[in-house]
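Architecture at a glance
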Amino acid sequence: MTLQKLLEEGRERLKRAGVPDWSLDARYLLLEAFGLSLASFLAASGRELSDDSGTREKIRRFREMTERRAGRIPLQQILGVQDFMGMEFEVNEHVLIPRQDTETLVELVLQERPDPACQVLDLCTGTGCIAISLARLGGYGKVWALDLSEEALKVARRNQQKLLKDYTGEFRLLKSDLFQEIPKGEKFDILVSNPPYIPKKVIEELEPEVRDYEPRMALDGDEDGMKFYRILARESGRFLKKGGAIYLEIGWDQGLAVEGLLAEAGFQEIRTVQDLAGKDRVVCGGWP
């Protein structure tokens with residue numbers, strides 16, 4: 001048995017299970033199980049594996065992870081990490097896996113609001129990927145991140161401890177149902193959120209990795225997907241300073257509807273920004 005033959009075994013198992021990106025996923029799992037870099041694997045892929053207990057354990061672990069992936073458990077949950085904005089975030093079944101789409105929101109804030117004196121509020125923070133990225137890359141002096149899930153906040157806290165060791169500003173994680181636990185009088189320059197926005201009936205049509213293994217409360221935007229945008233549009237103005245701004249991640253077909261909600265709430269200079277794939281991804285607006 002060589003590493004290459006073991007990899008081919010894993011690829012075939014994932015292919016039969018209908019796993020998207022089965023070939024790439026099998027390679028990621030093999031590298032993880034054996035603690036190898038891609039270069040190390042390529043150099044050793046054709047060599048016969050030794051028959052010692054350590055190697056047998058690595059083979060067992062690779063096959064066990066492959067079976068989990070064949071069961072459509074997300075690759076990121078098996079590996080326990082996901083890259084976002086050049087950083088490695090811990091993930092598990094209690095948090096939404098960070099997507100590259102969300103980097104559009106972070107990059108937009110960093111570009112348009114570069115002043116490190118800005119104060120940031122992130123709602124529905126999950127892993128903390130948006131808030132931590134803004135704190136680390138923007139150097140903002142105050143970043144608060146809120147979530148209703150205590151389990152999600154535990155993950156965000158571990159990501160904070162790992163990724164914000166050199167951050168000198170005020171980073172706070174709060175358990176809160178949207179704005180409920182924010183102390184009276186607190187106001188921010190920037191409000192960001194990637195709220196649940198998938199219509200309830202659409203969730204059942206998603207890939208098993210999302211539908212069955214990511215937290216439903218991070219996906220479900222009620223019947224039309226707009227529940228949280230209505231609340232955010234209606235309430236955000238009370239927590240924004242004059243001249244502040246709101247940045248909301250949206251589904252590809254929700255731009256006009258969210259723009260309308262922000263306009264009704266009194267926001268100005270409202271616009272929708274596309275992601276790298278050219279799909280509507282972020283709606284933003286200024287608070288007068």
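Residues numbered from 1 in each chain as written. Predicted model: local features only at pLDDT ≥ 70, side-chain atom pairs only at ≥ 80, totals over all residues. Heavy atoms only, no water.

- The name given to the protein in an unreviewed UniProt entry is Release factor glutamine methyltransferase, with Candidatus Enterocloster faecavium as the source organism.
- Recorded under Catalytic activity (unreviewed entry), the UniProt text for the protein is reproduced unchanged: "L-glutaminyl-[peptide chain release factor] + S-adenosyl-L-methionine = N(5)-methyl-L-glutaminyl-[peptide chain release factor] + S-adenosyl-L-homocysteine + H(+)".
- Turning to the protein, the UniProt record has this under Function (unreviewed entry): "Methylates the class 1 translation termination release factors RF1/PrfA and RF2/PrfB on the glutamine residue of the universally conserved GGQ motif." (UniProt positions renumbered as here; feature names shortened; annotations may be inferred.)

**Observations regarding the nonpolar core**
- Membership of the largest hydrophobic core comes to 33 residues, with the highest contact counts inside it found for Phe171, Val192 and Tyr247.
- For this core, the element with the most residues is helix 7 (residues 129-138), which contributes six residues.
- Of all hydrophobic cores here, the second largest spans 30 residues; its members include Leu121, Trp144, Leu219 and Leu261. (Core = buried A, V, L, I, M, F, W, Y, C linked by side-chain atoms within 4.5 Å. Buried < 20%, exposed > 50% of the residue type's maximum accessible area, 1.4 Å probe, protein only. Helix = DSSP H or I, 4+ residues; strand = E, 2+ residues; numbered from the N terminus.)

**Examining the pairing of strand 5 (residues 170-175)**
- As defined by bridge partners, strand 4 (residues 142-147) adjoins strand 5 across six bridges and the pair is classed as parallel. Within strand 5, the residue paired with valine 143 across the bridge is phenylalanine 171.
- What joins strand 4 to strand 5 is helix 8 (residues 150-163), and the crossover it makes is right-handed. (Pairing = 2+ DSSP bridges. Right-handed = clockwise from strand over helix to strand, strands pointing away.)

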